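Here is how the chains run, residue by residue.
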Amino acid sequence: MNKYIFVTGGVCSSLGKGVAAASLGSLLECRGLSVRMVKIDPYINVDAGTMSPYQHGEVYVTDDGAETDLDLGNYARFTQSPIMRASSITTGQIYQEVIQREREGRYLGRTVQVIPHITDRIKQRIFAVGESAEVDVTIVEVGGTVGDIESVPYLEAARQMTRELGHENVITVHLTLIPEVAGNELKTKPTQHSVKELREIGLQPDVLLCRAPVALTDDLRRKISVFTNVEEEAVVSAYDIKTTIYDIPLSFYRQQLDEIVLRKLHMPLHETDLGAWEHVSRAFRHAEHTVRIGFVGKYIDLNDAYKSVDEALFHGGIANGVRVELVKIDSEELEREADLDRIFDDIDGILVPGGFGSRGVQGMINTARWARENNVPYFGICLGMQVMVIEYARNVMGMPGADSTEFTPETSDPVVSLLEEQVNVKNYGGTMRLGANDTLLYEGYKIREIYGRETIRERHRHRYEVSNLYRERLHEAGLLVAGVTPDAELVESVQWSGHTWGIGVQYHPEFRSKPVAAHPLFQSFIAASYARERARTARAHADVPAG
Ligand code: GLN
C-alpha cells in the first residue's frame with residue numbers, strides 16, 4: 001500500500017512548511033524509502049509563470065518545463081524526488097481540468113460541484129504521483145494556512161483520503177507557531193486554535209511541528225498534547241536553527257520525527273544513513289574563510305527572488321569548505337561606472353542572475369565590463385550571459401549601440417534577439433524556451449573541463465537568444481562560444497578568453513544544485529572566488545607595515 005503524508009500549516013504563513021516537508025522527505029529517504037513530493041498552491045493562477053518575483057519569489061522550473069512555486073526548489077534540494085509538472089497542483093489547474101471535462105460532456109448531465117468533482121480531481125492528481133509501484137511515501141504539502149477559504153477543498157480531499165485508504169496509510173503533519181511574548185514566555189493558544197480549526201474540517205493532526213525560537217520543554221509539549229489530542233512524543237520542536245536550514249533534517253532526526261511518522265504509517269523502521277547531512281553540517285561549522293560574492297540583480301530587496309541561485313552559491317561554499325557571504329547589490333546602483341571600484345572593493349566573485357525587462361540592465365553591463373577588465377570571477381546566468389554579449393560587442397568590438405531587442409527593439413546591432421528576428425534559423429515559435437534540453441560543450445573550454453562531460457542537460461526559461469548574425473564575430477573577437485544546442489543553432493555558453501573565470505550560461509544551473517552535491521559550475525565559481533579571496537587577504541597582510 002502506498003502511503004501519504006499531508007503537511008498543513010497553522011497560525012500564519014512563512015513558517016517554513018516547504019523546508020519542513022522536504023526535511024521529513026529526506027529523513028525517509030535516508031531510511032531507504034522512495035519518496036515523492038507534491039505541492040498544492042490554493043491560488044487560482046494556473047502556474048507561477050505569470051507571477052511577479054516581488055510578490056511570489058522565484059519561479060522554479062522543472063525538467064518538463066513547468067513554472068512552479070519556489071517550494072518545489074526546496075524539495076529538489078533536500079530530496080531525490082523527481083520534481084515535474086505533476087508535482088505542482090494549483091486551484092487554477094484543478095478547475096481548468098474539471099471545467100474542460102464538463103464542456104466535453106463527461107459528467108453526463110450531473111451538476112458539477114466542489115464535492116465530489118473538485119475533490120475527486122484533487123485526489124486523482126495526488127494518486128497520479130503516489131500510486132506508482134516504485135513509490136513508498138508521497139508527501140503532499142498544502143500551501144497556505146488552515147482557515148483560508150481557498151484551502152478547504154484540499155483539506156476535504158485529505159480527509160476523504162484518510163477515510164478511504166485508512167488512517168495507517170494517510171497521516172497529517174501540522175506545522176504551527178508557538179510565539180514568544182514579553183518575558184520570554186511561549187504561548188500555545190494560537191496552536192490550540194489552529195488544531196481546533198483543522199479538526200472542525202475533520203482532520204486530526206498526527207504530528208505537530210512547532211515553530212518556536214527555542215526548543216519546547218517537556219511540560220509545554222505535554223500541555224500542547226492535552227489540548228490538541230496529539231500524542232506527546234509526536235509534538236516536535238521546530239526551533240529556530242542558527243546555523244543553516246540544512247541542519248533541519250538532523251534536528252528532526254534527533255527528535256525521532258522519522259520514527260514517529262513511520263510508526264504511525266505502520267511501516268518498518270530500516271536503518272538510516274545520515275552521512276550526507278552530517279557532512280554538510282560539518283562543512284558549515286568548520287568553514288574558516290568567507291568568500292564574498294557580489295550578487296547583482298534587480299529584485300534584490302526581496303529575499304526569495306533568486307532563491308535557487310542563493311542556495312546554489314551556498315552549496316558551492318559547502319563543497320569548498322568556505323562560508324559564502326552574499327552581498328546583494330541593486331544593479332541600478334551600478335549605473336555610474338566611476339562607482340564600481342568602490343562598490344566591488346572587497347568582493348571576490350560576481351554573479352549576475354536571470355531577469356526580465358530593461359530596468360537595471362546598464363548596471364549589469366557595467367558590472368560585466370568591470371569584472372572582465374579586472375580579471376575578477378564572473379558568473380552570468382541567462383540575462384547575466386546576455387549582458388556579457390552586449391558588453392563585449394559595445395566595449396571590445398566597437399558597436400556602441402549593441403543591445404538585446406528586449407531592451408532596444410530598434411538597436412543598430414541586435415546581438416541578442418528573438419529567433420524570428422534573426423535569419424537562417426528554424427522557427428522556434430517566439431515563445432518562452434522552458435524546461436530541460438541537451439547542450440553540447442566544445443572541447444578546449446573551461447566549462448567542458450568543469451562538467452567533465454561533452455553532453456549536459458539543463459533547464460531554460462527565456463525568450464531571447466544570442467544572435468547567429470554576430471556569433472562568429474563575437475567568437476573571433478574573444479567572447480568564445482563554448483556550448484551550443486545539439487543542432488548547433490543556439491548558443492548555450494560563452495567564456496571570456498584569457499580571463500580567470502568568466503563564464504555565461506543561457507540556462508539555469510541553479511535548479512539542479514543540492515547541498516549534498518553542489519552543481520559543478522557553482523563549485524568551480526566559488527573555488528575561483530576563494531582563490532581571489534586568498535590572494536586579496538595575502539596582499540592586505542603584506543601591505544600592513546611590520547612592527
Ligand atoms: N530576459 C531574457 C530573456 O527572456 C533573460 C531571461 C532570464 O534571465 N531568465 O531571454
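Quick caveat: nothing in here was measured; it's all calculated off a predicted structure.

Trainee: Looking at this structure, how should I read the packing of aromatic side chains?
Mentor: Two descriptors summarise a pair of aromatic rings, namely the distance from one centre to the other and the angle between the planes of the rings. If you walk through the whole model with that rule in mind, you get 12 aromatic pairs. When the ring of Phe78 is compared with that of Trp277, the centres are 5.4 Å apart and the planes differ by 35°; the resulting orientation is tilted. You can see Phe78 sitting in helix α3 (residues 71-78) and its partner Trp277 sitting in helix α11 (residues 275-286), a full 199 residues away along the chain. Neither residue differs from the other here; Phe78 and Trp277 are each classed as buried. Both rings, one in Tyr378 and one in Trp496, keep their centres 5.1 Å apart while their planes meet at 45°; by these two values the pair is tilted. Residue Tyr378 is located in strand β15 (residues 378-381), and its partner Trp496 is located in strand β22 (residues 491-496); the two are separated by 118 residues in the primary sequence. As far as burial versus exposure is concerned, Tyr378 and Trp496 are alike and both buried. Cluster of aromatic residues (ring-pair linked, three or more members): Phe379, Trp501, Phe522 and Phe525.

Trainee: What am I meant to see in the sheet that holds β15 here?
Mentor: Strands pair in a sheet through their backbones, by hydrogen bonds, and they do so in one of two ways: parallel or antiparallel. Spatially, β13-β12-β14-β15-β23-β22-β21-β18-β19 is the arrangement adopted by the nine strands of the open sheet, whose pairing is mixed. The open sheet has two edge strands, β13 (323-330) and β19 (455-462), and neither has a second partner. Strand-to-strand twist in this sheet, taken as the mean axis angle between neighbours without regard to direction, amounts to 30°. Pairing analysis gives three bridges linking β22 to strand β23 (residues 502-505), with the strands arranged antiparallel.

Trainee: Even after reading the chapter, I still don't get the pairing of β19, so can you show me in this structure?
Mentor: Within a regular strand, the side chains alternate between the two sheet faces. For β19, the tally of buried residues reaches six of eight residues, placing the bulk of the element in the interior. Relative to β19, strand β18 (residues 433-441) is paired through eight bridges, and the arrangement is antiparallel. Looking at the pairing, Leu440 lines up with Thr455 of β19.

Trainee: Would you explain the sheet that holds strand β20 (residues 465-466) in this entry?
Mentor: As summarised here, the arrangement of the three strands in space is β16-β17-β20, forming an open sheet in which the pairing is mixed. Among the strands making up the open sheet, the edge pair consists of β16 (402-404) and β20.

Trainee: I'm lost on the pattern of salt bridges in this one. Help?
Mentor: Two side chains with opposite charge may pair up if their charged atoms get near one another. In this structure the tally under the stated criterion is 41 salt bridges. The partner of Arg461 in a salt bridge is Glu67, and the shortest N-O contact between them spans 2.6 Å. Residue Arg461 is located in strand β19, and its partner Glu67 is located in strand β4 (residues 67-68); the two are separated by 394 residues in the primary sequence. For Asp339, the salt bridge identified is with Arg336, shortest N-O distance 2.9 Å.

Trainee: Would you explain the site of the ligand in this entry?
Mentor: Around the ligand sit Gly354, Gly355, Phe356, Cys382, Leu383, Gln386, Glu406, Arg461, His462, Arg463, Tyr464 and His508, and that is every residue in its neighbourhood. Side-chain polar atom of Glu406 to a nitrogen atom of the ligand: 2.7 Å apart, as the coordinates give it. A distance of 2.9 Å separates a nitrogen atom of the ligand from a polar backbone atom of Arg461. For the ligand, the protein covers 99% of the area, taking 290 Å² as the surface of the free molecule. If you list the elements that add at least two residues to the shell around the ligand, you get α15 (383-395) and β19.

Trainee: How should helix α10 (residues 257-264) be read in this particular structure?
Mentor: Given 3.6 residues per helical turn, the α-helix brings residues three or four places apart onto the same face. Buried residues dominate α10, accounting for six of its eight residues. Among the structural elements, β1 (3-9), α1 (17-30), β7 (170-177), β10 (207-212), β11 (235-239) and α9 (248-254) are those in contact with the buried residues of α10. Residue His266 follows α10 closely and has a positive phi angle near 55°.

Scoring rules and cut-offs
- For every chain, the first residue of the written sequence is number 1, and numbering continues from 1 onward in sequence order.
- Residues qualify for local features only when their pLDDT is at least 70, as the model is predicted, and side-chain atom pairs are given and counted only at 80 or more; totals for whole chains, interfaces and linings, by contrast, use all residues.
- Hydrogens are left out, water is left out, and the side-chain values use all remaining heavy atoms of the structure.
- Under the pairing criterion, centres of Phe, Tyr and Trp rings, with the six-membered ring standing for Trp, must be within 6.5 Å; the plane angle then separates stacked pairs below 30 degrees from edge-to-face pairs above 60, leaving the rest tilted.
- A run of H or I in DSSP becomes a helix once it reaches four residues, and a run of E becomes a strand once it reaches two; helices and strands are each numbered from the N terminus.
- Each residue gets one of three labels from its accessible area relative to the maximum for its type: buried under 20%, exposed over 50%, partly exposed in between, using a 1.4 Å probe on protein chains only.
- Here, any two strands with at least 2 DSSP bridges between them count as paired.
- Angles shown run from 0 to 180 degrees and are taken between the N-to-C directions of axes, each axis being a line fitted to C-alpha atoms and, for helices, limited to the stretch in contact.
- Here, a salt bridge means any side-chain nitrogen of Lys or Arg that lies within 4 Å of a carboxyl oxygen of Asp or Glu.
- The criterion for a residue being near a molecule or strand is simple. One of its heavy atoms has to lie within 4 Å of it.
- Between N or O atoms, a polar contact is any pair within 3.5 Å; within protein, one atom must be a potential hydrogen donor and the other a potential acceptor, and residues adjacent in sequence are included only when both atoms are from side chains.
- All accessibility values rest on the Shrake-Rupley procedure with a 1.4 Å probe; residue burial counts only the protein chains present in the view.
- Whether two residues are in contact is decided by their heavy atoms: any pair within 4.5 Å suffices.

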